[in-house]
Amino acid sequence: MKPIIAPSILSADFGYLAKDIEMVNRSEAEWVHIDIMDGVFVPNISFGFPVLKYVAKLSKKPLDVHLMIVNPEKFIPEVKALGAHTMNVHYEACPHLHRVIQQIREAGMQPAVTINPATPVALLQDIIRDVYMVLIMSVNPGFGGQKFIEHSVEKVRELRALIERTGSKALIEVDGGVNMETGARLVEAGADALVAGNAVFGAQDPVEMIPKYVHEWEKGYKIVIGRKTESKENPFVYFLRGCYYKLIKKMSSCEQIEQFTGFGLYDSSFVQTMRD
């Protein structure tokens, strides 16, 4: 299995969007990644469904739709109408995530869940068997061209261990700061699909560059063929850590968290993110 590359049209030239989509159609890319932002869940606004209908009409590749918005379940019919292959929602934006995942599947799309850089993999324990894919953000969502967060490689390893331990069939996708070097390390850690924005659309010849990326990343995949990823953590300890994060999420103030943990490490924005 070769790593899947999904060019993100957030990095395309919107003055020549049709030309860039046609380029992706001619390339060896397998998916088209679409980032929808609302200016509320993330500090930016991308594009809405009138533009995406045009993208869907032109694209010959499956659409990997990533909703960086609040209340993403409200737009399941619109995403379905695009003919999307995957609908990806954020763990942090869905208090009733299991329900949303089931609604996406019932609509005929593959359900996926995204976690932000500060969200622990352990929180996916109860949903990992129900999703088609998990997207790990390796930058903070909202803008393209950000620096890769190094801890993301370890998060991929941790997620791969969770998938194998639970018998899940979920794919692992990574988005943010993906290039030749980081992509190879992510695939070696267990990633199946990589979202590439500037790495593709910023290349002098994207059609020629895409297979070079896949070839280089495939070296990382070959390293793990036949090797079972094992968790470095005792399963019981992993379970306790998941309970710990869930307890923190239910706490209502920084003071409660500081009293429970013994550390004043959490500011109000972090507490609100965990609770939301």
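Residues numbered from 1 in each chain as written. Predicted model: local features only at pLDDT ≥ 70, side-chain atom pairs only at ≥ 80, totals over all residues. Heavy atoms only, no water.

Explain the packing of helix 1 (residues 17–26) against helix 2 (residues 49–58) to me, and be specific about the residues and the numbers.
Where helix 1 contacts helix 2, the two axes come as close as 10 Å, and the packing angle between them is 40°. Seen from above, helix 1 lies across helix 2 with right-handed handedness. For the pair helix 1 and helix 2, the contacting residues are Leu-17, Ala-18, Ile-21 and Asn-25 in the first and Val-51, Tyr-54, Val-55 and Leu-58 in the second. Class assignment of the residues belonging to the contact of helix 1 with helix 2 gives a composition of seven nonpolar, one polar and no charged. (Axes fitted to C-alpha atoms, helices over the stretch in contact; angles between N-to-C directions. Helix = DSSP H or I, 4+ residues; strand = E, 2+ residues; numbered from the N terminus. Left-handed = near helix turned anticlockwise from the far one by under 90°. Contact = heavy atoms within 4.5 Å. Nonpolar A, V, L, I, M, F, W, Y, C, P; charged D, E, K, R; others polar.)

Break down the pattern of salt bridges for me, citing the residues and quoting the values.
Counted according to the given criterion, the structure contains six salt bridges. Between Arg-157 and Glu-154 there is a salt bridge, with the nearest N and O atoms lying 3.6 Å from each other. In this pair, Arg-157 and Glu-154 are both assigned in helix 5 (residues 151–166), three residues apart and thus about one turn of the helix distant. Arg-157 gets classed as partly exposed once you look at its relative accessible area, which sits at 31%. Of the charged contacts in the structure, one is a salt bridge between Arg-160 and Asp-192, with a shortest N-O distance of 2.8 Å. With Arg-160 in helix 5 and Asp-192 in the loop between helix 6 (180–189) and strand 8 (193–196), the pair connects residues that are 32 residues apart, well separated along the chain. (Salt bridge = Lys/Arg side-chain N within 4 Å of Asp/Glu carboxyl O. Buried < 20%, exposed > 50% of the residue type's maximum accessible area, 1.4 Å probe, protein only.)

Could you give me a rundown of the sheet that holds strand 7 (residues 171–175), with the residues and numbers involved?
One key point about sheets: their strands pair by backbone hydrogen bonds, in either a parallel or an antiparallel sense. Reading across from one edge, 1-8-7-6-5-4-3-2 is the order of the eight strands in this open sheet, with parallel pairing throughout. Each edge of the open sheet is held by one strand with a lone partner, namely strand 1 (4–7) and strand 2 (32–37). Each strand of the sheet is rotated relative to its neighbour by a mean of 25°, with strand direction disregarded. Two elements, strand 7 and strand 8, share three bridges in a ladder whose sense is parallel. Bridge pairing links Glu-173 to Ala-193 in strand 8. (Pairing = 2+ DSSP bridges.)

Please give an account of the packing of aromatic side chains that cites residues and values.
Under the definition given, this model contains three aromatic pairs. Between Phe-14 and Phe-47, the aromatic rings sit 5.6 Å apart at their centres with planes inclined by 40°, giving tilted as the arrangement. One end of the pair, Phe-14, is in the loop between strand 1 and helix 1; the other, Phe-47, is in the loop between strand 2 and helix 2, with 33 residues separating them in the sequence. Given a relative accessible area of 42%, Phe-14 falls into the partly exposed group. Both rings, one in Tyr-213 and one in Trp-217, keep their centres 5.3 Å apart while their planes meet at 20°; by these two values the pair is stacked. Of this pair, Tyr-213 and Trp-217 both sit in helix 8 (residues 206–224), four residues apart, which is roughly one turn of that helix. Overall, the relative accessible area of 0% leaves Trp-217 in the buried class. (Phe/Tyr/Trp six-rings, centres within 6.5 Å; stacked < 30°, edge-to-face > 60°.)

Which residues make up the side chain of Glu-173, and what are the values?
Tracing the backbone through its elements, the reader meets Glu-173 in strand 7. Buried Glu-173, no salt bridge; nearest opposite-charge side chain is Arg-160, N-O distance 12 Å. If sequence neighbours within four positions are ignored, Glu-173 has contacts with Ala-6, Trp-31, His-33, Asp-64, Asn-88, Met-133, Val-134, Leu-135, Ile-136, Ala-193 and Val-195. (Lys, Arg positive; Asp, Glu negative; His and termini not counted.)

Break down helix 4 (residues 97–106) for me, with residues and values.
Burial in helix 4 covers these residues: Leu-97, Val-100, Ile-101 and Ile-104. With its buried residues spanning 100° around the axis, helix 4 presents them on a single face. Along helix 4, the residues that are exposed and aim more than 90 degrees away from the buried face are Arg-99 and Glu-106. Taken together, the buried residues of helix 4 touch helix 3 (76–81), strand 4 (86–90) and strand 5 (110–115). Backbone geometry just downstream of helix 4 places Gly-108 in the positive-phi region, at approximately 95°. (Arc of directions from axis to C-beta.)

How would you sum up the packing of helix 5 against helix 6? Please name residues and give values.
Viewed as axis vectors pointing N to C, helix 5 and helix 6 meet at an angle of 20°, and their least axial separation amounts to 8 Å. Between helix 5 and helix 6, the angle falls in the class roughly parallel. Seen from above, helix 5 lies across helix 6 with right-handed handedness. Residues Ser-152, Val-153, Val-156, Arg-157 and Arg-160 of helix 5 touch helix 6, and the partners they reach there are Arg-185, Leu-186, Glu-188 and Ala-189. Split into classes, the residues belonging to the contact of helix 5 with helix 6 amount to four nonpolar, one polar and four charged. (Parallel < 35°, antiparallel > 145°, perpendicular 65-115°, else oblique.)

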